[in-house]
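Structural characterization, general
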Amino acid sequence: MSKRTLVTSALPYANGPIHLGHLAGAYLPSDLYVRYKRMTEEDIIHICGSDEHGVPITIAAEKEGVDPQDIVDRFHTRNKQAFKDFGINFDYYGRTSSTVHHQTSQEFFTKLYEDGVFVQKTEEQLYDPKAEMFLPDRYVKGTCPNCGYEEAYGDQCENCGTSLSPTELIDPKSAITGDTPETRKTKHWYLPLGDFQQKLEDWLDTRENWKPNVAGQVKSWLNDGLADRAVTRDLTWGVPVPLEEADGKVLYVWFDAPIGYISATKEWAQQEGDPDLWKTYWQDEETDLIHFIGKDNIVFHCIMFPATLMAHGDYVLPKNVPANEFLNLESKKLSTSRGWAVWLEDYLEDFEPDLLRYVLGTILPETKDSDFSWENFQNKVNSELADILGNFVFRTTSFTHKYFDGKVPSLTNPTEKDQQTLAQIEQQKEKVAEAYEHFKLREAITETMNLARIGNKYFTEMEPWQSRKNDMETCGNTLHVCLQITAALSHLFDPILPENMAQLRKELSFTGSIRWKDIGGSMLDSGQPIQKGEILFTKIEDEQVEEQLEKLKERTQQQEEMDKQYEPIKDNIEFGDFMKIDIRAGKITEASAIEKADKLLKLTVDVGFEKRTIVSGIANDFSPDELIDQSVCVVVNLAPKALMGVESNGMILMSEEDDGSLKFVETDAEPGSMVS
Ligand SMILES: Nc1ncnc2c1ncn2[C@@H]1O[C@H](COP(=O)(O)OP(=O)(O)OP(=O)(O)O)[C@@H](O)[C@H]1O
Ligand SMILES: [Zn+2]
């Protein structure tokens, strides 16, 4: 066993709030693991922070019309707070705009540059002449050459995880203007990943206990062979490349972001009053470095960052990267930009953090994508947290108060069943530990809940409400066993339900820090008083679920509204010009199809002073039958025009919706009335 563990969680982009997908992919798994490890009294620290560079930040700033610094300041503060409120306990939450980070990543670049690691190349890159800039990374969208996904970014396809360069995209389009970009030459520095292929393979061979989805993904990239990857970009927002000849260039965000874990650890060490302490965690062989991330970050943590660390030479390499697949919401892909998300901040306004920690924990996308739905949230809270755990704890403590004066009854002449049940505490504890050690967090939660199930079953089978009438010794033994299980649960559930379990432990008079080794055996002394507990979990009502679904719907509609593209306004005209158009109210009296003209209908329109024949291109939207008596507005002084052999005398006004569908401009006025 190693002496210490350094856990990192993916640095979230500071361009938006934290949503349930982020939590399920990286932060809840890391927090569960770290909380478990802390109970085992291992030396462990948990590092995270805001990723404040990269194109997603500048795109968000441009969209809002503010400075990128405003965006990152806002989301750094909000996300840090939201994590805290959700009980995610980072030892340090840094940010990549800090001076320490800029220095650290520049030093990294300089060392690799001076050691001659980089390849310098002048190559054709995509350029948007209208925006007057190169288009790195997310500034370009196009079709993934690997899987055909049409919304792939210039740096990566989020569908298949392949890392890309913009020029590899099929049919690329500028994310700024929507135009097809041209190419221009520019100079950049590349990390020749091919040179690290053998080293990476050797390193991976020594790793054990990796999740098959992660190991498989990495193997397949290695089998395909690794290409050079640029570590610099033509952008103004980011860490400036520390070379004179690189004016106007910054480090690639995926070069500097993982170094952010190191910078944040340095800042943590300063805060601890021991500035060199970070070296112990990053440079001592006996550190286990573990990265918690979602699947789209695998390539950066299993190929690029390890190669960078190898190139530098002074650092430990990741021991494990227990990456998760993706979480969907109500069966649809989560999307910040489309507003299809549940923000952590919003959730916390309506519900307790522990409920979500539990429910998300049971559906973590550990081996494949999984789905969060509010209905399932309600089911799990009601039928598992309330009906199993809450019920067991409540019936145990309230029975103790009713019939044993609120004190732990002694265990006298226990039966084999009593002893076997007590022994199951240790057995479950082993299973839970084993699952945590193998990053099987869903299993850890299931096995933890199974102890409450065991307790409930035992309570029901022992029927203490019967034995209390004629056999107080048996009844006391039953409650003794149930109270020991309750005490174990108050520890075992701590990583998952920290707030609730802190409350429960208070009721059971546990003080001080909790230790894994204390779980099991006799945790409560006979005769020890316990407080009469509150109900741990209240059930979620149907209305609360509906409210959340309604919120989701409203938000996507709002987003659609905001994203709506209106036709640009035409140039101004003089009033006199407008008055030249003669528009009259009218009514359709006849309508028929025109042979060989799919889109056209021949209409007879009563315009008051006469009946007109008008040809109108509305056949895709209306059938002739439904048009009789339709009120319309008609331009009556448009020069006549023959369409498919029929002379049209005027034009009917229509409005066109976003989806291309047509609506009549209607009026109640009598046919022949002027419209102006
Ligand atoms: N739906 C999801 N399911 C699981 N993990 C996710 C999901 N969305 C993001 N993640 C993970 O969360 C971490 C932080 O995400 P990051 O800030 O990079 O945002 P992102 O991937 O651009 O997400 P979004 O575009 O939804 O804001 C990453 O490790 C990422 O893999
Ligand atoms: Zn793809």
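As recorded in an unreviewed UniProt entry, the protein goes by Methionine--tRNA ligase and comes from Fodinibius salsisoli. Its UniProt record gives the protein a comment under Catalytic activity (unreviewed entry), which states: "tRNA(Met) + L-methionine + ATP = L-methionyl-tRNA(Met) + AMP + diphosphate". Quoted verbatim from the Subcellular location (unreviewed entry) field of UniProt, the annotation for the protein is "Cytoplasm".

Along the protein, the regular secondary structure elements total 19 helices and 27 strands. Relative to a compact globule of 676 residues, whose C-alpha radius of gyration would be 26 Å, the protein shows 33 Å and is clearly more extended. In terms of overall dimensions, the protein has a C-alpha envelope of 110 × 75 × 40 Å along the principal axes. Out of the 676 residues in the protein, the part that is buried amounts to 54%. Sequence separation of at least 24 residues holds for 74% of the intrachain contacts in the protein that already meet a minimum separation of 6. Looking at the protein as shown, the accessible area adds up to about 31200 Å², and 45% of this sits on carbon and sulfur atoms. The distance from the centre of the 70 positive side-chain charges to the centre of the 116 negative ones in the protein is 3 Å.

Attention shifts here to the UniProt feature "short sequence motif: 'HIGH' region" (unreviewed entry) in the protein. Annotation from UniProt places "short sequence motif: 'HIGH' region" (unreviewed entry) at residues 12-22. Secondary structure within residues 12-22 divides into 27% helix and 0% strand; the distance between the first and last C-alpha atoms comes to 8 Å.

Let us look at helix α9 (residues 298-312). Helix length check: α9 (15 residues) gives 20 Å between terminal C-alpha atoms against 21 Å at 1.5 Å per residue, within 8%. Of all the bends in α9, the largest measures some 30° and sits at Phe 305, one to four residues before the proline Pro 306. For α9, the buried fraction is high: 15 of the 15 residues fall into the buried class. Following α9 by one or two positions, Gly 313 has its phi on the positive side, about 100°.

Before going further, it helps to spend a moment on the site of ligand 1. Close contacts around ligand 1 come from 18 residues, with Tyr 13, His 19, Asp 296, Asn 297 and Leu 327 the closest. For ligand 1, an oxygen atom lies 2.8 Å from a polar atom in the backbone of Tyr 13. Taking Asn 297, its side chain carries an N or O atom lying 2.7 Å from an oxygen atom of ligand 1. Notes on ligand 1: free accessible area 600 Å², of which the protein chains cover 90%. Counted by class, the shell around ligand 1 contains 8 nonpolar, 7 polar and 3 charged residues.

Closest axis-to-axis distance for the helix α14 (residues 441-462)/helix α16 (residues 472-492) pair is 10 Å, and the angle between their directions is 170°. Considering the angle they form, α14 stands roughly antiparallel to α16. For the crossing formed where α14 meets α16, the hand is left-handed. Contacts between α14 and α16 pair Thr 448, Leu 451, Ala 452, Gly 455, Tyr 458, Phe 459 and Met 462 from the former with Thr 474, Asn 477, Thr 478, Leu 479, Val 481, Cys 482, Ile 485, Ala 488, Leu 489 and Leu 492 from the latter. In terms of residue class, the contact of α14 with α16 is made up of 12 nonpolar, 5 polar and no charged.

For the rest of this paragraph, the subject is a positive patch on the surface. A surface patch of like charges, here positive, comprises Lys 402, Arg 468, Lys 469 and Lys 532. Within the secondary structure, Lys 402 sits in helix α12 (residues 374-403). Taking relative accessible area as the criterion, Lys 402 reaches 64% and is therefore assigned exposed.

Attention now moves to unusual backbone geometry. Of note in the backbone geometry, Asp 171 takes a positive phi value of approximately 50° without being a glycine. Considering the arrangement of structural elements, one finds Asp 171 in strand β8 (residues 170-174). Judged by relative accessible area, Asp 171 falls into the partly exposed class, the value being 48%. Of note in this structure, Glu 463 is not a glycine but carries a positive phi near 45°. With a relative accessible area of 36%, Glu 463 lands in the partly exposed category.

Here we take up the domain arrangement of the protein. Each domain of the protein was delimited in the assignment, giving domain 1 (4-324), domain 2 (346-363 + 370-518) and domain 3 (575-675). Computed over C-alpha atoms only, the centres of domain 1 and domain 3 are separated by 59 Å.

Let us look at the coordination of the zinc ion (ligand 2). Looking at the zinc ion (ligand 2), one finds its protein donor set to be Cys 144 (SG), Cys 147 (SG), Cys 157 (SG) and Cys 160 (SG), positioned 2.2 to 2.4 Å from the metal centre. Taken together, the 4 donor atoms coordinating the zinc ion (ligand 2) and their angles of 108 to 113° define a geometry best described as tetrahedral. Residue classification places Cys 147 among the partly exposed positions, given a relative accessible area of 35%.

All right, on to the sheet that holds strand β17 (residues 370-372) then. Taken together, 3 strands build an open sheet; the order of strands is β16-β15-β17 and the sheet is mixed. Across the chains shown, the open sheet's two edge strands, defined by having one partner strand only, are β16 (332-333) and β17.

Taken in spatial order, the 3 strands make up an open sheet running β7-β6-β8, and their pairing is antiparallel. At either end of the open sheet lies a strand with only one pairing partner, and these are β7 (152-153) and β8. Here 3 bridges tie strand β6 (residues 140-143) to β8, and the two strands are oriented antiparallel to one another. In the strand pairing of β8, Val 140 is matched with Ser 174.

Taken as a whole and judged by the stated rule, the model has 33 aromatic pairs. Relative to Phe 377, the ring of Phe 351 lies with its centre 5.3 Å away and its plane at 65°, an arrangement referred to as edge-to-face. One end of the pair, Phe 351, is in the loop between α10 (344-350) and α11 (353-362); the other, Phe 377, is in helix α12, with 26 residues separating them in the sequence. Centroid distance Phe 372 to Phe 377: 6.0 Å. Interplanar angle 50°. Geometry classified as tilted.

The rules behind these values
- Each chain carries its own residue numbering, running from 1 in the direction its sequence is written.
- The lettering of chains begins at A and the numbering of ligands begins at 1, in the order of writing.
- Residue-level local features of this predicted model are given only where pLDDT is at least 70; pairs of side-chain atoms are given and counted only at 80 or more, and the full residue set underlies all totals for whole chains, interfaces and linings.
- Heavy atoms throughout the structure, all of them, feed into the side-chain values; hydrogens and water do not.
- UniProt positions are given in the numbering used here, feature names are shortened, and annotations may be inferred rather than shown by experiment.
- A helix here means a DSSP run of H or I that spans at least four residues, while a strand means a run of E at least two residues long, and both kinds are numbered starting from the N terminus.
- Two things to know: the radius of gyration comes from C-alpha atoms, and the globule rule equals 2.2 Å times the number of residues to the power 0.38.
- The buried label applies to any residue whose accessible area, calculated with a 1.4 Å probe on protein chains only, is under 20% of its type's maximum; exposed applies above 50%, and partly exposed to all values in between.
- Only heavy atoms matter for contacts: two residues are in contact if any of them lie within 4.5 Å across the pair.
- To measure how exposed things are, a 1.4 Å probe is used in the Shrake-Rupley method; for residues, cover is taken only from the protein chains shown.
- Counting rule for charge: Lys and Arg are taken as positive, Asp and Glu as negative, and neither His nor the chain ends is counted.
- A single reference atom marks each charge: NZ on Lys, CZ on Arg, CG on Asp, CD on Glu.
- Here the expected length of a helix is defined as 1.5 Å per residue gap, with one fewer gap than residues.
- A residue's bend is the angle separating two fitted axes: one through the seven residues that end there, the other through the seven that start there.
- Note on definitions. A residue lies near a molecule or strand when any single heavy atom of the residue is within 4 Å of it.
- Definition of a polar contact: a pair of N or O atoms within 3.5 Å, with one able to donate and the other able to accept a hydrogen when the atoms are protein atoms, and with sequence-neighbouring residues admitted only if both atoms are side-chain atoms.
- Under this grouping Gly is polar, as are all residues other than the nonpolar Ala, Val, Leu, Ile, Met, Phe, Trp, Tyr, Cys and Pro and the charged Asp, Glu, Lys and Arg.
- All axes here are fitted lines through C-alpha atoms, helices being fitted over the stretch that makes contact, and every angle between N-to-C directions spans 0 to 180 degrees.
- We call two directions roughly parallel when the angle between them is under 35 degrees, roughly antiparallel when it is over 145, roughly perpendicular when it lies between 65 and 115, and oblique otherwise.
- By convention the crossing between two helices is left-handed if the near helix lies anticlockwise of the far one by an angle smaller than a right angle, and right-handed if it lies clockwise.
- For patches, a residue must show more than 30% relative accessible area and have no salt bridge; joins then use 9 Å for like charges and 5 Å for nonpolar side chains, namely Val, Leu, Ile, Met, Phe, Trp and Tyr.
- The salt bridge criterion pairs a side-chain nitrogen of Lys or Arg with a carboxyl oxygen of Asp or Glu, the two atoms within 4 Å.
- Domain start and stop points were drawn from an automatic or database domain assignment.
- Each metal's donors are the N, O and S atoms within 2.8 Å of it, or within 3.2 Å when it is Na, K or Ca, and because water is not part of the set, sites may look incomplete.
- All geometry calls rest on donor angles, where a four-donor set with angles between 85 and 135 degrees is tetrahedral, four- and six-donor sets with opposite donors more than 155 degrees apart and all others between 65 and 115 are square planar and octahedral, and all else is irregular.
- Whether two strands pair comes down to DSSP finding at least two bridges between them.
- Think of it this way: a Phe, Tyr or Trp ring, Trp meaning its six-membered ring, pairs with another when their centres are within 6.5 Å, and the plane angle makes it stacked under 30 degrees, edge-to-face over 60, tilted otherwise.

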